[in-house]
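# Reading the structure
If you want the building blocks of each chain, they are given just below.
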Amino acid sequence: MIRKLSLACVWLLAVLCYVVPYRVLNQVNAWYGSFLFWTFAGVLVILCNLLATRDWGRDE
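Attention here is on the structure that accompanies the text. Everything quoted here is computed from the prediction, not taken from an experiment.

## Considerations on the overall build of the chain
Scanning the chain for helices and strands turns up two helices and zero strands. Relative to the globule expectation of 10 Å for 60 residues, the C-alpha radius of gyration of the chain, 15 Å, shows a markedly less compact shape. Overall, the C-alpha framework of the chain stretches about 50 × 15 × 10 Å when taken along its three principal axes. Considering the chain as a whole, with its 60 residues, one finds that 17% of them fall into the buried category. By element, 69% of the accessible surface of the chain is carried by carbon and sulfur atoms, the whole surface being about 5300 Å².

What follows is the structure, given as structure tokens:
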């Protein structure tokens, strides 16, 4: 269950990585506005991937 939820979060974050910088932050003239968002989104994707794959390789 947590695996499906974390993978769904990865897809949601991937969509947000396109929507937020080009729609929400389009009035910000500095490059670091979207860079900061992409940095936090990248860390969240890594955490979601860790949750999704933490049980791989274990015998059930």
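Next comes the rest of the account.
## Details of the environment of L51
Mapped onto the secondary structure, L51 falls in helix α2 (residues 32–53). With relative accessibility at 36%, the residue L51 sits in the partly exposed group. Sequence-wise, L51 and I2 are 49 residues apart; in three dimensions their C-alpha atoms are separated by 7.4 Å.

## Re helix α1 (residues 2–24)
The sharpest bend along α1 reaches about 30° and sits at L16. Listing the buried residues of α1 in full gives S6, V10, L13, C17, V20 and P21. Turning to α1, the residues buried within the fold contact α2.

## What about the state of the cysteines?
Scanning all chains against the criterion turns up zero disulfides. Free of any disulfide, C17 has its nearest neighbouring cysteine sulfur in C48, separated by 11 Å. Looking at C17, the relative accessible area reads 18%, which means it is buried. Between C48, a free cysteine, and C9, which holds the nearest cysteine sulfur, the sulfur-to-sulfur gap is 4.7 Å.

## Focus on the side chain of S34
Assignment of secondary structure puts S34 in helix α2. Classification of S34 by relative accessible area gives buried; the value is 17%. With sequence-adjacent residues up to four places away left out, S34 is seen in contact with P21 and L25.

Definitions and cut-offs
Residues numbered from 1 in each chain as written. Predicted model: local features only at pLDDT ≥ 70, side-chain atom pairs only at ≥ 80, totals over all residues. Heavy atoms only, no water. Helix = DSSP H or I, 4+ residues; strand = E, 2+ residues; numbered from the N terminus. Rg over C-alpha atoms; globule rule 2.2 N^0.38 Å. Buried < 20%, exposed > 50% of the residue type's maximum accessible area, 1.4 Å probe, protein only. Areas by Shrake-Rupley, 256 points an atom, 1.4 Å probe, with all protein chains shown as cover. Bend = angle between axes of the 7 residues up to and from the residue. Contact = heavy atoms within 4.5 Å. Disulfide = S-S within 2.5 Å.

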